[in-house]
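This is what each chain is made of:
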Amino acid sequence: MLVFVLAYFALSASASMLAPLFGRVPLSCGGSGPLRMQSWVYCLANRNYVVPELASAAADLAADVNRRHPGTLTLALDGNFPFFSGFPLLPHLSHDDGRKLDLAFYYMDRQGSYLRGVTRSPIGYFAFEQGPTQCPPHWLSLRWDLDWLQPHLPHYSPEPSRMIAMLDWLATDPRISRVFVEPHLLSTLGRVSPKFGFQGCRAARHDDHVHIQL
């Protein structure tokens, strides 16, 4: 066990140096910029790697939202592993080539104040915004509702002005080809774009994060 742990940390330490050989770069886990990973968990698990073009797009998005709303911090969730395309990043169905990235929602408290760097769940996922859906219950699916978890999460809400700024930027940037957000959230925020789509009823819910891809 000790040998495995030491080998894993040695490989992780060298991943950032080797990843460019596979066309990947790491997203920052710290620093003072407007973009960083939501948790060190993603960095320790080497799930914070994307292709350079997507890294640049994510950084530009974060800078633009921060310009429009000073003090905004954009949090990234799952990207991809540093090596090899086609290796699945479970439980995702498509994060296998460094060209996809999940972004956390921006949240506000009950008084409407923006909560910088805060998510409703410890890892940014599984805190769902409830709304109408056409998806029937199905046990052979990654569309987990996790009803037992929802009452135990903080009662924060997506901060609309920053969410709209994010979606509007994604809709116009030519590097981004597809954005997955649950339809009821797009309806609530009043956003429409040919890039915005529904991931399907067998994939994970997207009313706890935004999925972007080149």
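The following paragraphs examine the structure supplied in this document. (Residues numbered from 1 in each chain as written. Predicted model: local features only at pLDDT ≥ 70, side-chain atom pairs only at ≥ 80, totals over all residues. Heavy atoms only, no water.)

**Overview of the overall build of the chain**
Line of reasoning, step 1. Check the secondary structure of the chain and you find five helices and 11 strands.
Line of reasoning, step 2. Its C-alpha atoms give the chain a radius of gyration of 17 Å, near enough to 17 Å, the size a compact globule of 214 residues would have.
Line of reasoning, step 3. Taken over 214 residues, the chain has a buried fraction of 49%.
Line of reasoning, step 4. Look at the contacts in the chain between residues 6 or more apart in sequence, and 72% of them connect residues 24 or more apart.
Line of reasoning, step 5. Looking at the chain as shown, the accessible area adds up to about 10800 Å², and 64% of this sits on carbon and sulfur atoms.
Line of reasoning, step 6. Within the chain, one finds 18 positive and 17 negative side-chain charges whose respective centroids are separated by 2 Å. (Helix = DSSP H or I, 4+ residues; strand = E, 2+ residues; numbered from the N terminus. Rg over C-alpha atoms; globule rule 2.2 N^0.38 Å. Buried < 20%, exposed > 50% of the residue type's maximum accessible area, 1.4 Å probe, protein only. Contact = heavy atoms within 4.5 Å. Areas by Shrake-Rupley, 256 points an atom, 1.4 Å probe, with all protein chains shown as cover. Lys, Arg positive; Asp, Glu negative; His and termini not counted. Charge placed at Lys NZ, Arg CZ, Asp CG, Glu CD.)

**Focus on the sheet that holds strand β6 (residues 107-108)**
Line of reasoning, step 1. Sheet architecture is open: three strands sit in the order β7-β6-β8, paired in antiparallel fashion. Of all the strands in the sheet, just β7 (114-115) and β8 (157-158) have a single pairing partner and so form its edges. (Pairing = 2+ DSSP bridges.)

**Concerning the side chain of aspartate 208**
Line of reasoning, step 1. Within the secondary structure, aspartate 208 sits in the loop between β10 (196-197) and β11 (209-213).
Line of reasoning, step 2. Salt bridges are absent for the buried aspartate 208, whose nearest opposite-charge side chain, arginine 205, sits at 6.8 Å.
Line of reasoning, step 3. Within the structure, the side chain of aspartate 208 is placed 2.6 Å from the backbone nitrogen of phenylalanine 126, a separation counted as a polar contact.
Line of reasoning, step 4. At a separation of 2.7 Å, a polar atom in the side chain of aspartate 208 contacts the side chain of histidine 209.
Line of reasoning, step 5. Dropping the residues within four chain positions of it, aspartate 208 is found in contact with Phe105, Tyr107, Gly124, Tyr125, Phe126, Ala127 and Phe128. (Salt bridge = Lys/Arg side-chain N within 4 Å of Asp/Glu carboxyl O. Polar contact = N/O pair within 3.5 Å; in protein donor to acceptor, adjacent residues only side chain to side chain.)

**A word on the state of the cysteines**
Line of reasoning, step 1. What the rule picks out here adds up to one disulfide.
Line of reasoning, step 2. One disulfide in the model links cysteine 29 with cysteine 43; its S-S distance is 1.3 Å. One quick way to see it: the torsion about the S-S bond of cysteine 29 and cysteine 43 is about -95°, and its sign makes the bridge left-handed. Of the two residues, cysteine 29 is situated in the loop between β1 (25-26) and β2 (35-37) and cysteine 43 in helix α2 (residues 40-44); the sequence distance between them amounts to 14 residues. (Disulfide = S-S within 2.5 Å.)

**Topic: helix α4 (residues 160-172)**
Given 3.6 residues to a turn, an α-helix orients residues that are three or four positions apart in the same direction.
Line of reasoning, step 1. Taking 1.5 Å of rise per residue, 13 residues should cover 18 Å, and α4 covers 18 Å from first to last C-alpha, within 8% of that figure.
Line of reasoning, step 2. Considered for burial, the residues of α4 that qualify are Arg162, Met163, Ala165, Met166, Leu167, Trp169 and Leu170. (Expected span 1.5 Å × (residues − 1).)

**Quick notes on the pairing of strand β5 (residues 100-104)**
Line of reasoning, step 1. Within β5, five of the five residues are buried, leaving the element largely enclosed by the surrounding structure.
Line of reasoning, step 2. Of the two faces of β5, both are covered, the one formed by Lys100, Asp102 and Ala104 as well as the one formed by Leu101 and Leu103.
Line of reasoning, step 3. Bridging between β5 and β11 involves five bridges; their strand directions are antiparallel. Bridge pairing links lysine 100 to glutamine 213 in β11.

**Focus: the pairing of β11**
Looking along a regular strand, one sees the side chains alternate between the two faces of the sheet.
Line of reasoning, step 1. Of all five residues that make up β11, five are buried, and the element is covered over most of its length.
Line of reasoning, step 2. Direction of pairing for strand β9 (residues 178-180) relative to β11: antiparallel, over a ladder of three bridges. For arginine 178, the partnering residue across the bridge sits in β11 and is glutamine 213.

**Quick look at the pattern of salt bridges**
Line of reasoning, step 1. Across all of its chains, the model carries 11 salt bridges by this definition.
Line of reasoning, step 2. Taking the shortest distance from any N to any O, the salt bridge between aspartate 60 and arginine 175 comes out at 2.9 Å. One end of the pair, aspartate 60, is in helix α3 (residues 52-68); the other, arginine 175, is in the loop between α4 and β9, with 115 residues separating them in the sequence.
Line of reasoning, step 3. Among the salt bridges present, the one from aspartate 64 reaches arginine 68, with a minimum N-O distance of 2.9 Å. Of this pair, aspartate 64 and arginine 68 both sit in helix α3, four residues apart, roughly one helical turn.
Line of reasoning, step 4. Members of the salt-bridge network, linked through shared partners, are Asp60, Asp173 and Arg175.

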